[in-house]
Amino acid sequence: MTKFNFLSPLKGKTGIEDFPLLPLRELVLFPHTVIPIFITYKSGITALEDALKRDSRLFAACLKESPLPDKGKDAPSPTPAGTPSNYPLGFDGETHAAGTVVRVLQHMKLPDNTFRVVLQGEYRGTIAATQKKGGFAMVSVEPMVSPEPPEGDESQAQALIRAVQKSFAQYAEYSKKISTETILAVEKSESPERVGNLICNSLAIKPDRKVALLSIPGIGERMEAILEALETENEIFGIQKNIHGKVKSRMDKNQREYYLNEQLKEIHKELGKDEAEDEFAEMERVIAERQPGEEVLLKARKEIKRLQKLQPFSPEAGVLRAYLEWIGDLPWSETTTDSRDLKEAERILNEDHFNMKKAKERILEFIAVRQLGLKGEENKGIKGPILCFVGPPGTGKTSLGKSVARALGRNFVRVSLGGVRDEAEIRGHRKTYVGALPGKIIQSLRRASSVNPVFLLDEIDKLSSDFRGDPASALLEVLDPEQNAAFTDHYMEVPYDLSKVLFIATANSLHTIPYPLLDRMEIIEIPGYGEQEKLAIAKQFLVPKQLAENGLDTARLRFKDDAILEIIRHWTMESGVRSLEREIARCIRRIARYAVEKGYGSGEKALETFTRTVRRGDLEKLLGRREYKNDVVFKEARVGVCYGLAWTETGGAMLPVETSSFEGSGELIMTGNLGDVMKESARIALSYLRSVQEDYEFKVTDIGKTDFHIHVPEGAIPKDGPSAGIALAASLLSTLCGIAPKPAIAMTGELTLTGRVLPIGGLKEKLLAAIRNGMERVILPADNKEDWDELAADPGLKELRGGFGGRFCGDRSGGVWNTV
């Protein structure tokens, strides 16, 4: 280690002194430096005021690194003068032990009760003890005194300080941010302590490294550490300068190539050989072969002329070249020939999907209309329909779109709209933006390579919107048959004909789709499947598919019908068949493992000889315990208990309604996580029953002095909607009369204040829920009888009987209550 012959400036200052603590974030103060700062946090202001009452001195220490607190909480971040004061007040954190005793040279209180102060560093010190005092910390500081070095070796010490000064001069030349006064002060100073402090204050390094340099007590050791830090920074600056030089050299090379290319162009012109012209002519020829409209051709020629005048390596030339490539890649007139064979199309649709009668009939109608409207190969007068398949998840809406494309003989493209919230995702960005691209519509048509594909807009009900625009509004032009013949993408800036595209949208619910968009689509409902339908789908599609995917297609493995029905009832709870397919796959994988363990398929035994039949009793061994049970249904009749039916996006569900009465003030209590609409239905039911109480013999003598408590079980699940109106009214009336409704009866319908029963939706899903829970009869609004008649042929609903009512009470011979 280098030995210095001169004494520390703090020689003799060995006593411990007490100072208010000024914690600083990402700021380290050094002796021999003067710095202005803003003090904006409470603890710092309190410490400053205490210091001003004493000798105007504080101990400044840097906080250790910690996550920044939330806005409004303490965060010591005194703002250097000249920067905006937007830091939160207060502080919470631990400081480093090493710091600097500073003197307040100037202070000024600002209108917001913060301070602007000028601090001068006096000497280094370390915290020996800390004591909390009225909103700030009082610290005992021990001066950091360097031990006196032994005599001798003064030349080596002078050599070290000169090396530090030289290295700092090189750093200042690289940095360009150090003042001339600081450079001169370092150059002329002979005190190593002063030189070290001035250099440390000027170094652009992390606060932790500055604290480390501040903490070294020995002058020689500290100067060596400062020299090492300077040399490291100078080496980094040197590497940066070298990189900058290489980049500049490369740019000069590109500029030289540009001038040579320009000269070469002139030479080629003199010789009559212009390669660039050949390239642009080829580009124009490719676009013309696509047979776009006249407007597109004029736009392309205009952009090619602009491209010819630009430098080949300019950014704008790259943008124009990419734009022209998009025009050349898009299908402007290419079409695929539609299938005209109705029977073949019907066979393909039936081969891929079970039931879905309405959707299949609509596709076959479209094929028939096209066949009648075709004149030779022209079909300009026939526009593609815009369909929307609506139904629960897992019912095959997306895969039906693929089957439609196969039946028609068209190309298929799919765009997922779930979570899309930027209008530019649909219509593209202006090509002036960096990295701009066309929207999803144009991008998908380029992939389709034809102007008449089947275009699936998946999950259209999951569109969002924010400050970047509303993509649902952008789809209005796409899905309007009167407008989409001239759809204009922001990037392309020319009209594109979408009228020949067969658009198919899918959604789980119509409630979130804006009405103007909904009005442009033909809605086709894809209802959930009943047990018998799921059984048929599993036998025809799911089991053979999973056997092939799991390597058992050649084995003799079969599922009993009662086993599949047991899986449907107790291992799945859905309207579709996704979970059913997963559970069947799980069964098959377990059996595949068993087959391998027994030596089948490995050469010892042929897989074709493996035989297994999955029965109902095998399921708990293969799948574990049952995952789903029936809804909360009492087998026996109870007073005040009725069963409504609810529709959810995953299918139907039972909605038990329980009512009790007791003396009170006429209050209606409703529990079970009910929504506003359902609460209104309960109030309407009670008001209606009060208006017709003379028609019934109520056991409750005074409804105005009786409290009613309505509860719908499974309170963790939100419930809402008007279709539980008659179930709420029947539960209240049962409580008022003390009569238990007949068992195994479910009901659904909206009740009005005058007792009329209005029709409801989601009937099939509700009926399936009733069957699943052992109901024998359902009470429906009279206006839903046509829907019932249409569903009556469904094999899964044959065991259910229906009753209908247009009014809740009516006369003694009719009405919902009389049926119940």
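Treat the numbers as computed from the prediction; the structure is a model and nothing was measured.

**Q** Describe the environment of Leu 372, with residues and values.
**A** Its location among the elements puts Leu 372 in helix 11 (residues 357-373). Along the backbone, Leu 372 and Arg 340 are 32 residues apart, and their C-alpha atoms lie at a distance of 9.7 Å.

**Q** Just give me the short version of the sheet that holds strand 9 (residues 412-416), but keep the residues and values in it.
**A** Taken in spatial order, the five strands line up as 9-10-13-8-14 in an open sheet, and their pairing is parallel. Edge positions in the open sheet fall to strand 9 and strand 14 (522-525), since each of these has one partner strand only. With direction set aside, neighbouring strand axes in the sheet form an average angle of 20°. Strands in contact with helix 12 (residues 397-408) are strand 8 (386-390), strand 9, strand 10 (454-458) and strand 13 (502-507); relative to strand 13, the strand with the most contacts, it is inclined by about 165°.

**Q** So what's going on with a nonpolar patch on the surface? Which residues, and what values?
**A** A contiguous nonpolar surface patch, about 250 Å² in accessible area, is contributed by Ile 239, Ile 243 and Val 247. Note that Ile 243 resides in helix 6 (residues 219-271).

**Q** So what about the pairing of strand 1 (residues 17-24)? Which residues, and what values?
**A** Across a regular strand the side chains alternate sides, sitting on one face of the sheet and then on the other. Burial analysis of strand 1 places six of its eight residues in the buried class, the great majority of the element. Strand direction decides the pairing type here: strand 1 and strand 7 (residues 136-143), joined by four bridges, are antiparallel. Paired with Pro 20 across the strands is Met 138, a residue of strand 7. Bridging between strand 1 and strand 3 (residues 57-62) involves four bridges; their strand directions are parallel. Across the sheet, the residue bridging to Leu 24 is Cys 62, located in strand 3.

**Q** Give a detailed account of the packing of aromatic side chains, specifying residues and quantitative values.
**A** Overall, the coordinates contain 10 aromatic pairs when judged by the stated rule. With a centroid separation of 5.1 Å and 70° between ring planes, the pair formed by Tyr 600 and Phe 610 is classed as edge-to-face. With Tyr 600 in the loop between helix 19 (578-597) and strand 16 (611-614) and Phe 610 in the loop between helix 19 and strand 16, this pair connects stretches of sequence that are 10 residues apart. Relative accessible area serves as the criterion here: at 2%, Phe 610 is assigned to the buried category. Arranged with centres 6.3 Å apart and planes meeting at 85°, the rings of Tyr 688 and Phe 808 form a pair that is edge-to-face. Placement of the pair is Tyr 688 in helix 21 (residues 676-691) and Phe 808 in the loop between strand 25 (801-805) and helix 25 (816-819), with a sequence separation of 120 residues. By relative accessible area, which is 4% here, Tyr 688 ends up buried. Relative accessible area serves as the criterion here: at 0%, Phe 808 is assigned to the buried category. Chaining the aromatic ring pairs together yields one cluster made of Phe 168, Tyr 171, Tyr 174 and Phe 237. Positioned above the aromatic ring of Trp 326, the side-chain terminus of Arg 446 is 3.7 Å from the ring centre. It is Arg 612 that lies over the ring of Tyr 594; its NZ or CZ is 5.9 Å from the centre.

Calculation rules
- Residues numbered from 1 in each chain as written.
- Predicted model: local features only at pLDDT ≥ 70, side-chain atom pairs only at ≥ 80, totals over all residues.
- Heavy atoms only, no water.
- Helix = DSSP H or I, 4+ residues; strand = E, 2+ residues; numbered from the N terminus.
- Pairing = 2+ DSSP bridges.
- Axes fitted to C-alpha atoms, helices over the stretch in contact; angles between N-to-C directions.
- Contact = heavy atoms within 4.5 Å.
- Patch = residues over 30% accessible without salt bridge, like charges linked within 9 Å, V, L, I, M, F, W, Y side chains within 5 Å.
- Areas by Shrake-Rupley, 256 points an atom, 1.4 Å probe, with all protein chains shown as cover.
- Salt bridge = Lys/Arg side-chain N within 4 Å of Asp/Glu carboxyl O.
- Buried < 20%, exposed > 50% of the residue type's maximum accessible area, 1.4 Å probe, protein only.
- Phe/Tyr/Trp six-rings, centres within 6.5 Å; stacked < 30°, edge-to-face > 60°.
- Lys NZ or Arg CZ within 6 Å of the ring centre and 35° of its normal.

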